[in-house]
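Analysis of the macromolecular model
Each chain is listed here by its residues.
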Amino acid sequence: MASDAVASLASRLSAMEPKSEEQPEASTSAQPEQDAPEQPAEEAAGPQASNLLENLSHEVQVTLADQQADPNSPLYSAKSFEDLNLHPNLLKGVYKMGFQKPSKIQEKALPLLLQNPARNMIGQSQSGTGKTAAFALTMLSRVDMDLKAPQAICIAPSRELAIQILNVVQCMGQYTPVECFFAGKDSYQKGMPKLTQQIIIGTPGTMIDMVTKARVLDLKEVKVFVLDEADNMLDSGSMGDQSISLKNLITKMAKQPQIVLFSATFADVVRTFAVRFAPGANEIRLKQEELSLDAIKQFFMDCDNEQHKYEVLVELYNLLTIGQSIIFVKRRDTADEIARRMTNEGHKVTSLHGKLETAERDQIMESFRDGKTKVLITTNVIARGIDISQVNMVVNYDLPLDGQGRPDPETYLHRIGRTGRFGRQGVSINFVHDRRSFEHMEAIRLALGKPIVRVDTSDFEQMEATLKAALKA
Ligand code: ADP
Ligand code: MG
C-alpha cells in the first residue's frame, strides 16, 4: 500500500487514543458511499491487449457435501453445530436455514467468539464462506433476551449489506424472543422513544446520529460491537472516522464490549490498525494463496474502445440472464447510462447506486434478491458482502481502482466474490479496452495469482460457448 495510505491510517491510529475523553465528531447521516460520482472518465489510449491462450477444462460439478468433506475446502468442518455449544433455540434456527455443518470459519471462530471472558476477534475467510453466521450467532448468544435494551451493535459499509445482515440475524434468531432494529438513513425519527431492541444493525453515520443527536440509542448495555467488512470500514475516509467515533462512544459507555472484526481481506497496513482497534484479539487469518476461490472462473474480454465495451455487453445479455448477474462500473452516471440504453433496446436491467433515494434502493435490491430482475448495474456500493446465491456472473465493465486511480485487487476480490457463494460456481468477466485497462488487470491478476482467460470478442458464438461451458462447469 502506498505511503499516503499508511499516513492516513497512522493519523487515525493516533486519533484513537486517548479513548476515554474523546468527544465524538458531529456526523452527518449521509450514507457511506463507495462509488465515485465525480471523477472524469479514463481516456482511451494505447494498443490492444495481449493474446492469451484459452485453456478451458470442463470440470465435474462437486456437491456441497463433497466440499464440506474436503479438508482443503474453506467449507470443510470437523465439527457439527451441536459441538459448538449453541443455545438449542439458536441451533434450531441454524438448521431451519438449511445449514447442516459449520464451515471452517464458523468452526474455528465460534468457540473463540463465545468463550468467557469475552475476547476480541479479527476473523478472515474467503468471500461466501459463512462469516455472517459466525458473528450473528455471537450477537444472538451474548444478548440477554430479558433485557429490553441494545446489547449488540453491528455496522456494515452499505445500507444493502446492513439490511441483509439484519435478515440473517432475524432468521437465525426466529426461535428466540430477540428483537432487532435497522439503523440506516431514514430509519428513525426525532422524538421517538429510546430503542429497546437488543440487536442494532446499520451504517455507522446513522448509528452515531442516533446516539449523539437523536439520543435514542443507548450504548451502556452493549456487549458486542461487530464490524463486517472491517478492513473497508476502517480504511475508508469518513466511514473510518465514523467507525472509530462509534467505537469510542461504545467503549466509553459500555463495560468492556467485545469487538469483532470480519472480512475476506485485510491488507497488512489495515491489519495493523485493526489490531489496535480490537486489542488482544484472537486472529484467524488466511494465507495469500488462499485468498481467491477457485470456484470463480475469471475471464477478460479484449474490447476495442468504450463503445465496443457497450456492444459486447449487449451481446452478452442472453448469458447474463441464465442466472443473475451484477455489472460493476466506476461511476453512477455510467450505471444509469448503460441501464437507460439497454432498456431502450428492450433489455431488462436496473441500476443501483448511492444517489438514489433509500426507498428506491430498497425496492431495487428487493426485486433483484427475489429474482424479479436478473441484471443489476452498480458501483462499488454493493461490491462487498451482498449474498445472492443465484448470481453466477460478475462483470467488471470498469476495473476497480482505488482513490488514487491504481488497480484495487481487494475490491476486485470482493466484487467477483458476489458469485461463487458457499461452494457454487461462478464466472467473472473483465472488460479491457486499452493498454491502461489491460495493465490494471495484469496488476490485479499478479496480486491474486490466479489466471484470467482471454475470450475472443470477434467471434460471438465462440464467446458464448466458452462462457456457457464455464457456467455449467
Ligand atoms: P461471507 O460473509 O463469508 O462472504 P455469508 O455469510 O454471506 O458469507 O454466507 C454465504 C452463503 O453461505 C449464505 O447464503 C449462507 O446462507 C450460506 N452458509 C453459511 N454458512 C453455511 C453453512 N454452514 N451451511 C450451509 N450454508 C451456509
Ligand atoms: Mg460477508
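Structure first, text after, so check above.
Presented here is an overview of the structure given in this document. Starting from 1, residues in each chain are numbered consecutively following that chain's sequence as written. Chains carry letters and ligands carry numbers; both start at the beginning, A for chains and 1 for ligands, and go up in the order they are written. Whole-chain, interface and lining totals are the exception, using all residues; otherwise, since this is a predicted model, local features are given only for residues with pLDDT of at least 70 and side-chain atom pairs are given and counted only at 80 or more. Excluding hydrogens and water, the side-chain values take into account all heavy atoms of the structure.

**Some points on the site of ligand 1**
This is how the line gets drawn: Any residue with at least one heavy atom within 4 Å of a molecule or strand is counted as near it. By the criterion applied in these results, polar contacts are pairs of N or O atoms within 3.5 Å in which, for protein atoms, one can donate a hydrogen and the other can accept it, and in which residues neighboring in sequence qualify only through two side-chain atoms. Computed with the Shrake-Rupley method and a 1.4 Å probe, the accessible areas treat only the protein chains shown as cover for residues. Two kinds of site are reported from a 1 Å grid over the protein atoms alone, namely cavities, where a 1.4 Å probe fits but cannot get out, and pockets, open sets with protein on both sides within 12 Å along at least five of seven lines, and residues are called lining when an atom falls within 4 Å of a point. Pocket occupancy is defined atom-wise: a molecule lies in a cavity or pocket when more than half of its atoms are within 2 Å of its grid points. We call Asp, Glu, Lys and Arg charged. Ala, Val, Leu, Ile, Met, Phe, Trp, Tyr, Cys and Pro are nonpolar, and the rest, Gly among them, are polar. Residue ranges for the domains trace back to a domain assignment, done automatically or taken from a database.
In the vicinity of ligand 1 there are 16 residues, among which Lys101, Gly128, Lys131, Thr132 and Asp387 approach most closely. The contact in question runs from an oxygen atom of ligand 1 to an N or O atom on the backbone of Gly128, over 2.6 Å. In this structure, Thr132 approaches ligand 1 through a side-chain N or O atom, which is 2.6 Å from an oxygen atom. For ligand 1, whose unbound accessible area comes to 570 Å², protein coverage reaches 87%. With respect to the detected pockets, ligand 1 is housed in the second largest pocket. Looking at the shell around ligand 1, its residues break down into 4 nonpolar, 8 polar and 4 charged. The residues that make up the shell around ligand 1 include at least three from each of domain 1 (2-30 + 54-287) and domain 2 (296-472).

**Remarks on the side chain of Glu229**
To keep it simple, the criterion reads: Only DSSP runs of H or I reaching four residues or more are called helices, and only runs of E reaching two or more are called strands; each is numbered from the N terminus. When accessible area is computed with a 1.4 Å probe and restricted to protein chains, residues below 20% of their type maximum are described as buried, those above 50% as exposed, and intermediate ones as partly exposed. Working rule for contacts: check all heavy atoms of both residues, and any pair within 4.5 Å makes them a contact.
One can find Glu229 in the loop between β5 (224-228) and α8 (230-235). Among the residues examined, Glu229 registers a relative accessible area of 5% and is labelled buried. Beyond its immediate stretch of four places on either side in the chain, Glu229 contacts Pro157, Leu161, Phe262, Ser263, Arg384, Gly385 and His414.

**Regarding the pairing of strand β12 (residues 391-396)**
Inclusion rule: For two strands to be treated as a pair, DSSP must find at least two bridges joining them. By convention, orient the strands away from the viewer: a clockwise path from the first strand over the helix to the second makes the crossover right-handed.
Across the 6 residues of β12, 6 count as buried, placing the element largely inside the fold. Sheet analysis places strand β9 (residues 324-328) next to β12, joined by 5 bridges and oriented parallel. Within the sheet, the bridge partner assigned to Ile326 lies in β12 and is Val394. Across 4 bridges, β12 lies against strand β13 (residues 426-432) in parallel orientation. The partner of Met393 across the bridge, within β13, is Val427. For the crossover that starts at β12, traverses helix α15 (residues 409-416) and ends in the parallel β13, the hand is right-handed.

**A word on the pattern of salt bridges**
As a reminder of what qualifies: Each reported salt bridge corresponds to a side-chain nitrogen of Lys or Arg within 4 Å of a carboxyl oxygen of Asp or Glu.
A complete count under the given rule lists 20 salt bridges for this structure. Among the charged side chains, a network of salt bridges with common partners joins Glu229, Asp231 and Arg384.

**A word on the nonpolar core**
Quick reminder of the rule: Definition used in this section: a nonpolar core is a set of buried Ala, Val, Leu, Ile, Met, Phe, Trp, Tyr and Cys residues joined via side-chain atoms within 4.5 Å.
Residues Met139, Val169, Ile199, Ile201 and Phe262 are the most contacted members of the largest nonpolar core, which totals 56 residues. Counting only domains with at least three residues in this core, you end up with domain 1 (2-30 + 54-287) and domain 2 (296-472). Each residue touching Phe262, except ones within four places of it in the same chain, is listed here: Ile105, Ala109, Leu113, Met121, Gly123, Lys131, Ala134, Phe135, Leu227, Asp228, Glu229 and Ala230.

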